[in-house]
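# Overview (structure and organization)
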Amino acid sequence: MAGMDCDNNSGGGPAVEAKIFSAMITPHRSLGPRGFLIFMLCLGGLSFVSGMIFVSLGAWPVMGFFGLDVLLVYFAFRANYRAARAYEEVTVTASELTVRKIGHRGGVRQWTFNPLWVRLERIVHEEFGIERLFLVSHGRRLAIGGFLSPAEKASFARALSSALGEAKRGPTRTTSV
């Protein structure tokens, strides 16, 4: 007769808990790659035409400045798209809340909390809604959801609060007859 495992984990590896809540928070970008191309073509064309007008008037050095502004706008957008690679992952299980922040360069920072000891703190502006969200545990605060708009923060806060409440209640057991 074989002995029984107390954790019912026959795979031998660590037991995997069911996720109560999981969210990936990414920065919003309103201008996609096609829109960026169209914008840059329009800006370049407008700068070229304006520069040619100045060249025809004899002010040829101005043409270089019109090219420089297009180049600066291009590099500003590229830096913005590079920063958009950052994101946050928030996961809640019955025994832990995990927050992973992945930077635009790929650096990962991770925090793990016990959901029984965590509360969600909101900083609300009466006109605009939720401005900031924090996870608070043992006197420490972790800002989350910085990429979200006030309405998205409100929706995220409701969903996360519900998941934390479910984790605090513990697993639901059903009885079978």
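Residues numbered from 1 in each chain as written. Predicted model: local features only at pLDDT ≥ 70, side-chain atom pairs only at ≥ 80, totals over all residues. Heavy atoms only, no water.

## With respect to helix α1 (residues 33–56)
Going by this rule: In DSSP terms, a helix is any run of H or I states spanning at least four residues, a strand is any run of E spanning at least two, and both are numbered starting from the N terminus. In this scheme, a helix's expected span is set at 1.5 Å multiplied by one less than its residue total. Relative accessible area decides the class of each residue, using a 1.4 Å probe on protein chains only: under 20% of the type maximum gives buried, over 50% gives exposed, and in between gives partly exposed. Should any heavy atoms of two residues lie within 4.5 Å, those residues are counted as being in contact.
Across its 24 residues, α1 extends 34 Å between first and last C-alpha, which sits within 8% of the 34 Å expected from 1.5 Å per residue. Among the residues making up α1, those that are buried are F36, M40, L43, S47 and G51. In this structure, the buried side of α1 is in contact with α2 (62–83). Of the residues flanking the end of α1, it is G58, one or two places downstream, whose phi is positive at about 95 degrees.

## As for the environment of F134
Within the secondary structure, F134 sits in strand β6 (residues 129–137). Excluding its chain neighbours within four sequence positions, the residues that come into contact with F134 are R119, L120, E121, I123, R141, L142 and A143.

## Focus: unusual backbone geometry
One non-glycine residue with positive phi stands out, namely H138, at about 55 degrees. Along the polypeptide, H138 turns up in the loop between β6 and β7 (140–144).

## What about the pairing of strand β3 (residues 97–102)?
What counts here: Two strands are said to pair when DSSP picks up at least two bridges between them.
The element β3 is extensively covered by neighbouring structure, given that 5 of its 6 residues are classed as buried. Direction of pairing for strand β2 (residues 87–93) relative to β3: antiparallel, over a ladder of 6 bridges. Directly across from Y87, in β3, lies its bridge partner I102. Counting the residues between successive antiparallel strands, the hairpin from β2 to β3 contains 3 residues. Sheet topology places β3 next to strand β4 (residues 108–113); 6 bridges connect them, and they run antiparallel.

## So, the packing of aromatic side chains
Basically, it comes down to this: For Phe, Tyr and Trp, rings pair up if their centres lie within 6.5 Å, where Trp contributes its six-membered ring, and each pair is then called stacked (planes under 30 degrees apart), edge-to-face (over 60) or tilted (otherwise). Only lysine NZ and arginine CZ atoms are considered, and such an atom sits over a ring when it is within 6 Å of the ring centre and within 35 degrees of the ring normal.
In the structure shown here, the tally under the stated rule is 8 aromatic pairs. Considering the side-chain rings of F36 and F77, the 5.4 Å spacing of their centres and the 45 degrees angle between planes classify their relative orientation as tilted. Of this pair, F36 sits in helix α1 while F77 sits in helix α2, and the two are 41 residues apart along the sequence. For F36, a relative accessible area of 9% corresponds to the buried category. Note on F54 and F66: the rings are 5.7 Å apart at their centroids and 40 degrees apart in plane angle, and the pair reads as tilted. In this pair, F54 is assigned in helix α1 and F66 in helix α2, connecting sequence segments 12 residues apart. Ring pairs connect the aromatic residues F36, F39, Y74, F75, F77 and Y81, which therefore count as one cluster. The side chain of R141 reaches across the aromatic face of F134, ending 3.8 Å from its centre.

## What to know about the sheet that holds strand β1 (residues 19–25)
Stated formally: Axis definition: a line fitted to C-alpha atoms, limited for helices to the stretch in contact. Angles are taken between N-to-C directions and run from 0 to 180 degrees.
If you walk across this open sheet you meet the 4 strands as β1-β2-β3-β4, and the pairing is antiparallel. What marks the edges here is a single partner per strand, and that holds for β1 and β4. For this sheet, the mean inter-axis angle between neighbouring strands, taken without regard to orientation, is 10 degrees. Packed on one face of the sheet, helix α3 (residues 150–169) meets β1, β2 and β3 and runs near 155 degrees to β1.

So yeah, pure geometry; function would need other evidence.
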